[in-house]
Amino acid sequence: RRDDAVETMPIRLQKKATRVARAVVEEMNAMRGVGSRTDKHGNVKTSLWDHGKAKVAAASVPKEFADAQTAFVKATNLDDLPPKEKHVRFLLALCADGGKPKDAVFVLEATARQIRKCTHWRTMLKTHVVLHRLLMESGVELKREFFRLVEFLSRKTYGPKEQMLFNIRYWKDESTPDAQELAGWTRTYAVYLEEVCALHEHVPQLFTAPGRNQENALRNCDIDRLLTVMPLLQTLARRITDCEPKSAVVRKNAVTKFTLSLILRDSFKVYHVMNEAIINLVDKYFDSSKVQAAKGLVIFKKYLTQIDDLQRFYKTCEEAGAFDQSGP
């Protein structure tokens, strides 16, 4: 009967019904772990569930923000792939300097809202990846709105286990053993982003987009500033090495490998800033006071240790294939 009903349809509707039936079968097979969702070119497709979720999300916001909401939801869906580049690029263009400030505010509020309510590790990790890219590749206006939002949220009263932007220390995904492992790595990544943001006033060079050069603020500064900022930089370097993909689950996952490529890109900036700061510290060492010299010596010894830690981190990332990822 179904075949008879299809035959009586116009040709255009027959083709559409066939595509829908094929998509439903493909979706059911993918949910059972048989096959994958791919188009005729072999590219991975978004699931029907995520398509529907994006449409519902777009309908739940004012019409002027519907496209932004759709792009954000699709970029952070449950597919086991990095956020699609076209959706991230759309958000970057929306939040670029010269655009409407309310668009940037909406994207940041959507990010904070999703982190606060998120339960699945993929969505949580991809949301932080999108935020990471927005902070590193967008203009000055979005960064200004972001730190205003951070300051506003810091003044609000939350419970000790409330999820708020990077503060997800108590968040878990215990749906499977692998999810529990990957959720722990996601928390480590969020702590790293938190440390990066803590340095935005001291080392703005860390927030420059790839290909843009900015003078290192620690290259020629006085020793008091060096002794203040270098411990913060060394804490950031430790957060980078904390993201080392030690387990096989983290090494093999496509989303974590892409995230590692972003961390690697940032680590080169941190390494460069630390090197120039240490050279400046050595130059000023013999002209410093006894107390300053003692603090500088501690920083220098820790720097030598962290260079070894970073080399081990790079070796592990290379073995995991993170250097092969086509980053932004």
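Described below are features of the structure shown in this document. The numbers attached to residues start from 1 for each chain and follow its sequence in the written order. It should be noted that, the model being predicted, local features are given only for residues of pLDDT at least 70 and side-chain atom pairs only at 80 or more, the latter also being counted only at that level, while totals for whole chains, interfaces and linings use all residues. Excluded from the side-chain calculations are hydrogens and water; all other atoms, namely the structure's heavy atoms, are used.

**Side note on the overall build of the chain**
(1) Moving on: Per the convention used, a helix needs a DSSP run of H or I reaching at least four residues, while a strand needs a run of E reaching at least two, with both numbered from the N terminus. Each helix and strand counted, the chain has 13 helices and zero strands in total.
(2) Moving on: Walking the chain from its N terminus toward its C terminus, one meets helices and strands in the order α-α-α-α-α-α-α-α-α-α-α-α-α.
(3) Moving on: Relative to its full complement of 328 residues, the chain shows a buried share of 46%.
(4) Moving on: Within the chain, contacts between residues separated by at least 24 positions form 72% of all contacts whose residues are at least 6 apart in sequence. Only protein chains enter the accessibility calculation, which uses a 1.4 Å probe. A residue is then buried if its area is under 20% of the maximum for its type, exposed if over 50%, and partly exposed in between. In this analysis, two residues are considered to be in contact whenever any of their non-hydrogen atoms come within 4.5 Å of each other.

**Structural notes on helix 12 (residues 254-285)**
(1) Moving on: Compared with an ideal rise of 1.5 Å per residue, which puts 32 residues at 46 Å, helix 12 spans 46 Å between its outermost C-alpha atoms and is within 8% of the ideal.
(2) Moving on: Burial runs high along helix 12: 23 of the 32 residues are buried. Each helix should span, by expectation, one fewer than its residue count multiplied by 1.5 Å.

**Regarding the side chain of Glu137**
(1) Moving on: Along the chain, the position of Glu137 falls in helix 7 (residues 121-137).
(2) Moving on: Polar contacts here mean pairs of N or O atoms no more than 3.5 Å apart (in protein, one a potential hydrogen donor and the other a potential acceptor; neighbouring residues in sequence count only if both atoms are side-chain atoms). A distance of 2.8 Å separates a polar atom in the side chain of Glu137 from a polar atom in the side chain of Arg133.

**What to know about empty space enclosed by the protein**
(1) Moving on: Within this scheme a cavity is a closed region of a 1 Å grid, computed over the protein atoms alone, that accommodates a 1.4 Å probe without allowing it to escape, whereas a pocket is open but has protein on both sides within 12 Å along at least five of seven lines; lining residues each have an atom within 4 Å of a point. Grid points are joined across faces, edges and corners, and a volume is the space filled by probe spheres set on the points. Under the criterion given, the structure shown has one cavity of 30 Å³ or more.
(2) Moving on: Computed from the structure, the largest cavity encloses a volume of approximately 30 Å³.
(3) Moving on: At the level of elements, helix 9 (177-198) and helix 12 are the ones that each hand at least two residues to the lining of the largest cavity.
(4) Moving on: If one sorts the elements of the lining of the largest cavity by residue count, helix 12 sits on top with three residues.
(5) Moving on: Residues are grouped as follows: nonpolar covers Ala, Val, Leu, Ile, Met, Phe, Trp, Tyr, Cys and Pro; charged covers Asp, Glu, Lys and Arg; every other residue, Gly included, is treated as polar. Residues that form the lining of the largest cavity fall into these classes: six nonpolar, no polar and two charged.

**Here we look at the pattern of salt bridges**
(1) Moving on: In what follows, salt bridge is the name for a side-chain nitrogen of Lys or Arg lying within 4 Å of a carboxyl oxygen of Asp or Glu. Tallied over the entire structure, the rule returns 15 salt bridges.
(2) Moving on: Residue Glu85 pairs with Arg89 through a salt bridge whose shortest N-O separation is 2.8 Å. Highlighted residues: Glu85 and Arg89, both in helix 5 (residues 85-94), separated by four residues, approximately one helical turn.
(3) Moving on: Salt bridges linked by common partners bring Glu85, Arg89, Arg133, Glu137, Arg265 and Asp266 together as one network.

**What to know about the nonpolar core**
(1) Moving on: Residues Tyr189, Tyr192, Leu218, Leu233 and Ile263 are the most contacted members of the largest nonpolar core, which totals 77 residues.
(2) Moving on: No other element matches the twelve residues that helix 12 contributes to this core.
(3) Moving on: Each residue touching Leu218, except ones within four places of it in the same chain, is listed here: Val203, Arg225, Leu226, Val229, Leu233, Val273, Glu276, Ala277 and Asn280. Nonpolar core, defined: a set of buried Ala, Val, Leu, Ile, Met, Phe, Trp, Tyr and Cys residues in which side-chain atoms within 4.5 Å join the residues together.

**What to know about the state of the cysteines**
(1) Moving on: The criterion for a disulfide is a pair of cysteine sulfur atoms lying within 2.5 Å. Under the criterion given, the structure shown has zero disulfides.
(2) Moving on: Cys317 provides the cysteine sulfur closest to Cys243, a residue in no disulfide bond, and the two sulfurs are 8.9 Å apart.
(3) Moving on: Relative accessible area serves as the criterion here: at 0%, Cys243 is assigned to the buried category.

**A short note on the packing of helix 7 against helix 8 (residues 140-155)**
(1) Moving on: Only the contacting stretch of a helix is used when fitting its axis, a line to C-alpha atoms as for every element, and angles between N-to-C directions run 0 to 180 degrees. Axis separation between helix 7 and helix 8 bottoms out at 8 Å; the angle between their running directions is 125 degrees. Between helix 7 and helix 8, the interaxial angle falls into the category oblique. Counting all contacts with helix 7, which are made through Leu131, Leu134 and Leu135, the residues of helix 8 involved are Leu142, Lys143 and Phe146.
(2) Moving on: By residue class, the composition of the contact of helix 7 with helix 8 is five nonpolar, no polar and one charged. To sort the angles, those under 35 degrees are grouped as roughly parallel, those over 145 as roughly antiparallel, those from 65 to 115 as roughly perpendicular, and the leftovers as oblique.

**Section: a nonpolar patch on the surface**
(1) Moving on: For patch building, the residue pool is restricted to those with more than 30% relative accessible area and no salt bridge; the joining distance is 9 Å between like charges and 5 Å between nonpolar side chains (Val, Leu, Ile, Met, Phe, Trp, Tyr). Surface exposure here means Shrake-Rupley accessible area, sampled with a 1.4 Å probe, where a residue is shielded only by the protein chains that are shown. A cluster of nonpolar side chains, namely Val282, Phe300 and Leu304, defines an oily patch on the protein surface of about 240 Å² accessible area.
(2) Moving on: Among the structural elements, Phe300 can be located in helix 13 (residues 290-320).

**Overview of a positive patch on the surface**
(1) Moving on: Taken together, the side chains of Arg12, Lys15, Lys16, Arg19 and Arg22 define a basic patch exposed on the protein surface.
(2) Moving on: Note that Lys16 resides in helix 2 (residues 11-31). Counted as positive: Lys and Arg. Counted as negative: Asp and Glu. His and the chain ends are not counted at all. Note on charges: their place is set at NZ of Lys, CZ of Arg, CG of Asp or CD of Glu.

**Considerations on the environment of Asp283**
(1) Moving on: Counting through the fold element by element, Asp283 comes out in helix 12.
(2) Moving on: By relative accessible area, which is 56% here, Asp283 ends up exposed.
(3) Moving on: Separated by 63 residues in the primary sequence, Asp283 and Asn220 have C-alpha atoms spaced 10.0 Å apart.

**What to know about the side chain of Thr259**
(1) Moving on: Structurally, Thr259 is set in helix 12.
(2) Moving on: Overall, Thr259 belongs to the buried group, its relative accessible area being 0%.
(3) Moving on: Discounting residues that sit within four places of it in the chain, Thr259 has contacts with Leu125, Val129, Trp185 and Tyr189.

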